[in-house]
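Below, each chain spelled out in residue letters.
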Amino acid sequence: MSDTININPDAPSDDEGSDLISLKDENGREQQFELLDLIDYSGTQYAVLAPVEGEENDDQVLIFEVEDADKETNVLTPVDDQSLADA
């Protein structure tokens, strides 16, 4: 799952105060995620996302590298390296 998206921590959120992001999977199916945090680690920015309630695997979080983090529109690339995700 990789998508181009605007991640702006100052952007308005939904009524409950959470930031919701829609991403498309490899089959073109759209899924909703909550942006839990943006983390800077070793000079790279990462987004921590959780599926919204009702989605499958709602007990997990996903970590994406935020490419072009200094621009208005960013590309999210899943972190596949477990040791990096654990860090």
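Remember, predicted model here, so these are calculated numbers, not experimental data. (Residues numbered from 1 in each chain as written. Predicted model: local features only at pLDDT ≥ 70, side-chain atom pairs only at ≥ 80, totals over all residues. Heavy atoms only, no water.)

Right, let's talk about the overall build of the chain for a bit. If you tally the helices and strands in the chain, you get 1 helix and 6 strands. What you see in the chain, going N to C, is helices and strands ordered as β-β-β-β-β-β-α. Taking all 87 residues of the chain together, the buried fraction comes to 26%. Partitioning the intrachain contacts of the chain with sequence separation of at least 6 by distance along the chain shows that 31% fall at a separation of at least 24. (Helix = DSSP H or I, 4+ residues; strand = E, 2+ residues; numbered from the N terminus. Buried < 20%, exposed > 50% of the residue type's maximum accessible area, 1.4 Å probe, protein only. Contact = heavy atoms within 4.5 Å.)

All right, on to the pairing of strand β5 (residues 62-67) then. With 5 bridges connecting them, strand β4 (residues 44-51) and β5 associate as antiparallel partners. Looking at β5, one finds that Leu49 is bridged to Leu62. In terms of strand pairing, β5 meets strand β6 (residues 74-78) through 4 bridges, oriented antiparallel. What sits directly across from Phe64, in β6, is Pro78. (Pairing = 2+ DSSP bridges.)

Right, let's talk about the environment of Ile63 for a bit. Residue position: Ile63 is located in strand β5. As a C-alpha pair, Ile63 and Tyr46 span 17 residues in sequence and 6.6 Å in three-dimensional space. Look past the residues within four positions of Ile63 in its chain and what remains in contact with it is Tyr46, Ala47, Thr77, Pro78, Val79 and Ala85.

Pairing of strand β2 (residues 19-24) with strand β3 (residues 30-41) involves 6 bridges; the strand directions are antiparallel. Counterpart to Ile21 in the pairing with β3 is Phe33. Two successive antiparallel strands, β2 and β3, enclose a turn made up of 5 residues, where Gly28 displays a positive phi of approximately 80°. Here β3 runs beside β4; their pairing, made up of 8 bridges, is antiparallel. Paired with Glu34 across the bridge in β4 is Ala50.

Ranked by size, the top nonpolar core spans 9 residues in total: Ile21, Leu23, Phe33, Leu35, Ala47, Leu49, Phe64, Val66 and Leu76. Looking at this core, the elements with two or more residues in it are β2, β3, β4 and β5. (Core = buried A, V, L, I, M, F, W, Y, C linked by side-chain atoms within 4.5 Å.)

What follows deals with the confidence of the model for the chain. Looking at the chain as a whole, its pLDDT mean stands at 76, while 68% of the residues score no less than 70. Strand β1 (residues 3-5) is the least confidently modelled element of the chain, averaging 50 in pLDDT, while β4 averages 91, the highest of any element. Here residues 9-14 is a poorly scored stretch, pLDDT under 50, and it has 6 contacts once near neighbours within four places are set aside; other chains count. (pLDDT = per-residue confidence, 0-100.)

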